[in-house]
Amino acid sequence: MSKLTVSPSPHIHAKVSTRSLMTDVIIALLPAVICSVVFYGWKELLLLAVSVASCVLLEYVITRYLMRKPSTIGDMSAVITGILLALNVPYTTPWWVVFIGAVFAIAVAKMTFGGLGQNIFNPAIAGRVFLLVSFPTYMTHWEQPKGLFGVDAISGPTPLGAIKEGLLQGGSVQDIMASKGYSYADMLFANLGGSSGEVCALALLAGFVYLLCRRVIKPWITLSIFATVALTSLIFWGINPARFTDPLFNLLTGGLILGACFMATDYVTSPMSNWGGVIFGVGIGFLTVMIRYFGSYPEGVSFAILIMNAFVPLINMAFKQKKFGRK
Amino acid sequence: MAKRTFSIGGVHPNDSKISRECRIEPLPIPPTVYISLSQHIGAPAKPIVAVGDKVKVGQPIAEPGGFVSAFIHSSVSGTVKSIGPRKDLAGNNQMTVEIAVEGDEWLEGIDTSDTLVTDIPEDSKAILEKIRLGGVVGLGGATFPTHVKLSPPPGSKCEMLIINGCECEPYLTSDFRTLLEKGEQVVVGAAILKQVLGGVPCTIGIEENKPEAIEHINKVIADLKKVSSKFDGISVMSLKKRYPQGGEKQLIDAVMHRQVGSGGLPISVGAVVQNVATALAVYDAVQKNKPIIDNSITVTGECFPKQANLLVRVGTPLSYIIDYLGGVPENASKIISGGPMMGKAIANLDAATLKGTSALLFLTADQTARKEASACIRCGRCADACPMGLEPFLLNKLWKADNLEALEKNAVQDCIECGCCLYSCPANIPLLDMIRMAKADVMKEIRARAAAAKAAAEAAKK
Amino acid sequence: MSQTIIWTIAIITVLGLVLALVLYLVAEKFKVVEDPRIDEVEKVMPGANCGGCGFAGCRAFAEAAVKAPNLDNNYCPVGGNEVMSKVASILGYEVKEKAPMVAVVRCNGTCEARPKINDYEGYPSCKVKASLYSGDTGCSFGCLGCGDCVAACKFGALSMDPVTGLPVVDEEKCTACGACTKACPKSLIELRLKGPRGMRMYVSCRNQDKGPAAKKACASACIGCGICAKTCTHDAIVVENNIAYIDPSKCKLCRECEAMCPTGAIHSVNFPKPLDKDAVKARIQERQKRAREKAAAEAAAAKAAAEAAAAKPVENNVKEEN
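About the cut-offs
- Residues numbered from 1 in each chain as written.
- Chains lettered and ligands numbered in written order.
- Predicted model: local features only at pLDDT ≥ 70, side-chain atom pairs only at ≥ 80, totals over all residues.
- Pairing = 2+ DSSP bridges.
- Helix = DSSP H or I, 4+ residues; strand = E, 2+ residues; numbered from the N terminus.
- Expected span 1.5 Å × (residues − 1).
- Buried ≥ 20, exposed ≤ 12 C-beta atoms within 10 Å, placed from the backbone.
- Contact = placed C-beta atoms within 7 Å.
- Core = buried A, V, L, I, M, F, W, Y, C linked by C-beta atoms within 7 Å.
- Nonpolar A, V, L, I, M, F, W, Y, C, P; charged D, E, K, R; others polar.
- pLDDT = per-residue confidence, 0-100.
- Domains from an automatic or database assignment.

## Some remarks on the sheet that holds strand β7 (residues 78–87) of chain B
Residue and element names in this part refer to chain B. Strand order in the open sheet formed by 4 strands is β2-β8-β7-β4, and the pairing between neighbours is antiparallel. If you trace the sheet from one side to the other, it starts and ends with β2 (32–36) and β4 (54–55), each paired once. Direction of pairing for β4 relative to β7: antiparallel, over a ladder of 2 bridges. Bridge pairing in β7 links valine 55 to glycine 78.

## Remarks on helix α5 (residues 123–134) of chain A
Residue and element names in this part refer to chain A. When the terminal C-alpha atoms of α5 are compared, their 16 Å separation across 12 residues agrees well with the 16 Å that a helix rising 1.5 Å per residue should span. Judged by how many residues are buried, α5 sits mostly within the fold: 9 of 12 residues are covered. Listed as buried for α5 are Pro123, Ala124, Ile125, Ala126, Gly127, Arg128, Val129, Leu131 and Leu132. For α5, the secondary structure elements touched by its buried residues are α3 (77–87), α4 (95–110), α6 (136–140), α13 (256–263) and α15 (301–318).

## Quick notes on the nonpolar core
General note: in soluble globular proteins, nonpolar side chains tend to be found buried as a group. With 234 residues, the main nonpolar core has Ile83(A), Val187(B), Ala190(B), Ile217(B) and Val282(B) as its most contacted residues. Element by element, the count of residues in this core is highest for helix α1 (residues 18–40) of chain A, at 10 residues. For Ala190(B), the contacting residues outside a window of four places in its chain are Leu161(B), Ile163(B), Cys202(B), Ile204(B), Ile234(B) and Ala279(B). If you look at the next biggest cluster of nonpolar residues, it comprises 61 residues, including Tyr75(C), Cys180(C), Ile243(C) and Ile266(C).

## Looking at the interface of chain B and chain C
Listed by partner, the interface residues are 12 residues for chain B and 12 residues for chain C. The element that contributes the greatest number of residues to the side of chain B that touches chain C is helix α14 (residues 431–461) of chain B, accounting for 5 residues. Tallied by class, residues from the side of chain B that touches chain C come to 6 nonpolar, 3 polar and 3 charged.

## Overview of the sheet that holds strand β5 (residues 60–63) of chain B
Across a sheet, paired strands are connected by hydrogen bonds in the backbone, their directions being either parallel or antiparallel. With antiparallel pairing, 3 strands are arranged side by side in an open sheet as β3-β5-β6 (chain B). Strand pairing shows two members of the sheet lacking a second neighbour, β3 (46–47) and β6 (72–73) of chain B, which therefore form its edges.

## Observations regarding the confidence of the model for chain C
In regions of low pLDDT, the predicted coordinates are not meant to be interpreted in detail. With 96% of its residues at a pLDDT of 70 or more, chain C shows a mean pLDDT of 87. Interface confidence for the predicted complex, given as ipTM, is 0.88, next to a pTM of 0.86.

## Describing unusual backbone geometry
Pro10(A) follows Ser9(A) through a cis peptide bond whose omega is 0 degrees. As for its position among the elements, Pro10(A) is in the loop between β1 (4–6) and α1. Here the amide bond leading from Tyr243(B) into Pro244(B) is cis, since omega sits at 0 degrees, within 30 degrees of zero. The topology assignment puts Pro244(B) in the loop between β11 (234–239) and α6 (248–256). With phi around 45 degrees, Ser16(B) is a residue other than glycine that occupies positive phi space. Position of Ser16(B) among the secondary structure elements: in the segment before β1 (24–26). A positive phi angle is found at Asn49(C), which is not glycine, with a value near 50 degrees. As for its position among the elements, Asn49(C) is in the loop between α2 (36–44) and α3 (58–67).

## Thoughts on the environment of Lys230(B)
Residues and elements named next belong to chain B. Mapped onto the fold, lysine 230 is located in the loop between α5 (211–227) and β11. Note on lysine 230: 19 C-beta atoms within 10 Å, which makes it partly exposed. Between the C-alpha atoms of lysine 230 and valine 188, which are 42 residues apart in sequence, the distance is 9.2 Å.

## What about the interface of chain A and chain B?
If you look at the interface, chain A gives 30 residues, while chain B gives 51 residues. Listing elements by their share of the side of chain A that touches chain B, those giving two or more residues are β1 and α1 of chain A. Ranked by residues supplied to the side of chain A that touches chain B, first place goes to β1(A) with 3 residues. Classifying every residue of the side of chain A that touches chain B by side-chain character gives 14 nonpolar, 11 polar and 5 charged.

## Here's the deal with the domain arrangement of chain C
Along its sequence, chain C is organised into domain 1 (37–91), domain 2 (107–194) and domain 3 (195–299). For domain 1 of chain C versus domain 3 of chain C, the separation of C-alpha centres amounts to 39 Å.

As structure tokens, then:
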């Protein structure tokens, strides 16, 4: 018999690790990744590869050579950031733009704060917003994909962008939607312009359900975002359907599902308690709709998440779990 | 109806009750026993025998060293060899009485027969005194002297007696076997406790993963009710399987839907909780005049070749038990006294069993080795798991910042050290290690403050 | 255009003036009158905020020192006599000089002398480890080796020796603030007089087990045999609870105890020459032999005298009888 080990209790541990949780998130993202590659073809595959590779490599280089600590890429969080970033830009974006986004996401938004767990803002969102303000043309422009099935490319703005432009030119929502031929079925099953990850809402929702079943995340943040977006836009749409888009349109476009299911639910940058999560979600939902309706950018999920990220410490302080036997 | 359980947190470790089919067998008496004088919470007992004295089984060898303290009895017959410091399982010196065994002669007046005595004495005071003289302490882990717990402070009223048969810790089966094999005695013990507390209703809480025990105890209660009306008001409650259901506060919450306040005692919400093994000890002490001289211990672990539930004399060296069952397996890396969630890792196998020893658990490195801690990802699993509604991640951070004031505000002193936070942390952060330290520091501060306030009040009186 | 600029300048100027006035009034209203000497004292303090003086930091020390009627209870161990004389001159007090102290680790249970008998696996902190059990060696009094003292030292004077597994004090950096003595759960670190030219002797062990048990756990433990106490000619060593202690105020640094210690638990530091054990032992034996001879001679003399005294009355008796 070798020497006995002595340690404080507990002596057993749940079969869960940072790595296993992150791997679950990657698995949950796979349907969306596959869908986007099928629809957008090799260009999308290239973006994903560039994004993931540069995120992982950057984190490795920064931890090993700048922070002089053991590398943390084993926890897989950089891979998630890479995938999310690639899914959050249109497939037509040049690869070097994505690389810049990855640099901002990992080097600035994540590692300057001290790495995983310390960052205030979701790295992928921060990278995305950085690209959105730096390269707006690439980020809001979109081409009808050739996909793996190869059809002719048609260039045009994303649905939200189209509506914004149309409204500025004095059209009404219904006219614009009719003229562009947008249908909800298209939104749900793909084929509408925008960031590559938005291509198929069903694939994203499947991943979300997987995360819920594996108990990786709790549903409250996501559900409260959906509910708030639907409710807020319902009110405005009810007041003036010519000026404001309808709830279903708002739910299905502009990366809302991607943001609500995968980005707002990021552990590090979301509140811990259930009620905190609800408040966080309400904030994101409300801000998203407000930015879409009244802001100068056509879409607002990323901004909304980023803004609410900043409020997380406050929300954490305000919404604590009820303690046992205390009022 | 949905099964009851406690309201906040908790985890669901695999229950691994691999020794559940093993009957409780008596372990042969070892050649020498080492009986520690600190087997209970409170002041150590004071020895009342001297080196060279002949003692019999059940003879008191030490008397209480304070109000919260207990009698200790010889578990064997033989000669007192020495009284002095001896290393316990953590390697710390404890006053210990060493007795060389000669035969197995019991003290007169102890009923060693198996006959079930169902007549419960009327006089509560006499019962309490018998419990006190029997050295009965809570065998659920805390080893708090039972007679103290049964004497509620003036002004408080007991409304329910809860017998804790949850055994929510994985691997442990001694309470389960006791319920199956000595169910009658446990129920009579419960009836005695109930009588002392003024005939309050009594609920025996058992987790649903022990259906045989639930069925058996229901049958026993039904049979005993035919014998005497004293058994009316005793019932079994099946509880959802969830750790730490056997925690006193959690069990009261589960059974009565009442929450004991911070720093409060169960009696403040009208509850008294006693463990199954304690009920049996009460039966032995009151009906049979038999003090605690032995207890059942589960010896288990996937790597241990022979699973067993043994009836072991108090003070038996751990190494004797292990050698009896074939020695320490080659691949065992940790031996735990108690369950895997709250048990103590054993550093010294020469140490002897105590009244409260419930199990010897062998775990391999694969099962138990701590993984390297990584950064907190703020997933909130520790807070979700904490049955006291605390935020372990925050307490950990505050402890590192040495912020005692904030620690107290965030209720670190409420921690029951159940281990759920560390169990569920995906980053393997040693949360409980640090929270324990923080709790100790804060408790020290609180006690100092209370002492100062008391002194000030007394000064004001004068 | 020019009008806009003028308006802007005017508004900002007025706003600035108003706010300045508000700030001034608030500052006046909430002004805290403080003894200016507190600032002066704080300036000459080392500024480490180590708490070695017993106060929360240098500022708190300064406040206490200014309030106190003298400096008897306020001494900054870090700044030492130099800083205290400055403080005294500011406050017009007299300062009592204190002999310089240094932290001393009283455990010499190296990995070799005190082998590990189990593996500790938990948060690497002596405090956590000590609360769990007696430690990963057979000795329940010795160093736990997790370096709480190193973490507590604000001056970088402590470091863990990877070979021995014990902390090492850097005398140059140690300011005797006492933080490490409080951090050690086994109370192994003591502040001792630095001694003349830094020379000092101490028993580097705290094991209170009986001799055989202590020896079994650690080859270099103090076994409480008491040889040192018997050897010491200055009455500087006491053995209590199976452990010897050298009183630094009585020790004359003769190193005889060190030579006689069977386990090497007595340490000496900063002596110019290594100890010639045999020579010292010979010297002691010579002295003890002489002492024995002297004692024997004295005893013989006393005996003779007693006999003589006893003999006399006999003679007298005889005489009387006669």
